[in-house]
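Chain and residue survey
Residue-level listing of the chains:
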Amino acid sequence: MTTPTDTATAAFNRALVEAYAAFDRARAEANRALFARGGRHSTHAAAIVAAYAAFDRAHAAADAAYARARKGA
């Protein structure tokens, strides 16, 4: 039987996987841009920082959703 905690854990894990996949795609795009003709390190660094910040926000949202779900369980 699936418990509310199981459901919350699955949703948390799914959110983290999706957030990391988005980060990885953004990182890969930043790397492609860096190695393309005329790529700049400062632009690359800014893109990586922005991508990680987005991942961090998604992770925090997943943590908050998990805590709310656990509290209600």
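Look a little higher up for the structure.
This write-up is about the structure you can find in this document. The model shown is predicted, which means the values in this text are computed figures rather than measured ones.

**Things to note about the pattern of salt bridges**
Inspection of the entire model under this criterion finds two salt bridges. The partner of Arg-27 in a salt bridge is Asp-24, and the shortest N-O contact between them spans 2.4 Å. Placement of the pair is Arg-27 and Asp-24 together in helix 1 (residues 4-35), with a separation of three residues, close to one helical turn. A residue is classified by how much of its surface remains accessible, and Arg-27, at 28% relative accessible area, is partly exposed. Between Glu-29 and Arg-32 there is a salt bridge; the shortest N-O distance is 3.1 Å. Taken together, the positions of Glu-29 and Arg-32, both in helix 1 and three residues apart, correspond to about one turn of that helix.

**Details of the packing of helix 1 against helix 2 (residues 41-72)**
Running from amino to carboxyl end, helix 1 crosses helix 2 at an angle of 175 degrees, the nearest separation of the two axes being 9 Å. In terms of their interaxial angle, helix 1 and helix 2 are classed as roughly antiparallel.

**Looking at helix 2**
If you check helix 2, its first and last C-alpha atoms are 46 Å apart, about what 32 residues at 1.5 Å a residue would give, namely 46 Å. Elements that come into contact with the buried residues of helix 2 comprise helix 1.

**Side note on the side chain of His-44**
In this structure, His-44 sits in helix 2. Residue classification places His-44 among the buried residues on the basis of a relative accessible area of 18%. With residues up to four places along the chain from it excluded, the contact list for His-44 reads Ala-30, Asn-31 and Leu-34.

**Looking at the packing of aromatic side chains**
Evaluated as defined, the whole model comprises six aromatic pairs. Geometrically, the ring pair formed by Tyr-20 and Phe-23 is tilted, given 5.6 Å between the ring centres and 50 degrees between the ring planes. Taken together, the residues span about one helical turn, with Tyr-20 and Phe-23 both in helix 1 at a distance of three residues. Relative accessible area serves as the criterion here: at 43%, Tyr-20 is assigned to the partly exposed category.

**What to know about the environment of Asp-56**
By the element assignment, Asp-56 lies in helix 2. Residue classification places Asp-56 among the partly exposed residues on the basis of a relative accessible area of 40%. Along the sequence, Asp-56 and Ala-33 sit 23 residues apart, while their C-alpha atoms lie 23 Å from each other.

Basis of the calculations
Per chain, the residues get numbers from 1 upward, laid out in the order the sequence is written. In keeping with the model being predicted, local features are shown solely for residues with a pLDDT of at least 70 and side-chain atom pairs are shown and tallied solely at 80 or more, while totals for entire chains, interfaces and linings include all residues. Side-chain numbers here rest on the full set of heavy atoms in the structure, without hydrogens or water. A side-chain nitrogen of Lys or Arg and a carboxyl oxygen of Asp or Glu constitute a salt bridge if their distance falls within 4 Å. Each helix is a run of DSSP H or I of at least 4 residues and each strand a run of E of at least 2, with the numbering of both proceeding from the N terminus. Throughout, exposure labels follow a simple rule: accessible area from a 1.4 Å probe, protein chains only, divided by the maximum for the residue type, with under 20% read as buried, over 50% as exposed, and the rest as partly exposed. Interaxial angles span 0 to 180 degrees and are taken between N-to-C directions of axes, which are lines fitted to C-alpha atoms, for helices over the stretch in contact. In what follows, roughly perpendicular refers to angles from 65 to 115 degrees, roughly parallel to angles under 35, roughly antiparallel to angles over 145, and oblique to any angle outside these ranges. For a helix, the expected span equals 1.5 Å multiplied by the residue count minus one. Contacts are assigned to residue pairs with any non-hydrogen atoms lying within 4.5 Å of each other. Any two of the Phe, Tyr and Trp rings considered here, Trp counted by its six-membered ring, make a pair once their centres fall within 6.5 Å; the pair's planes then place it as stacked at under 30 degrees, edge-to-face at over 60, or tilted in between.

Interpretation note: all reported values are geometric properties and have no functional meaning in isolation.
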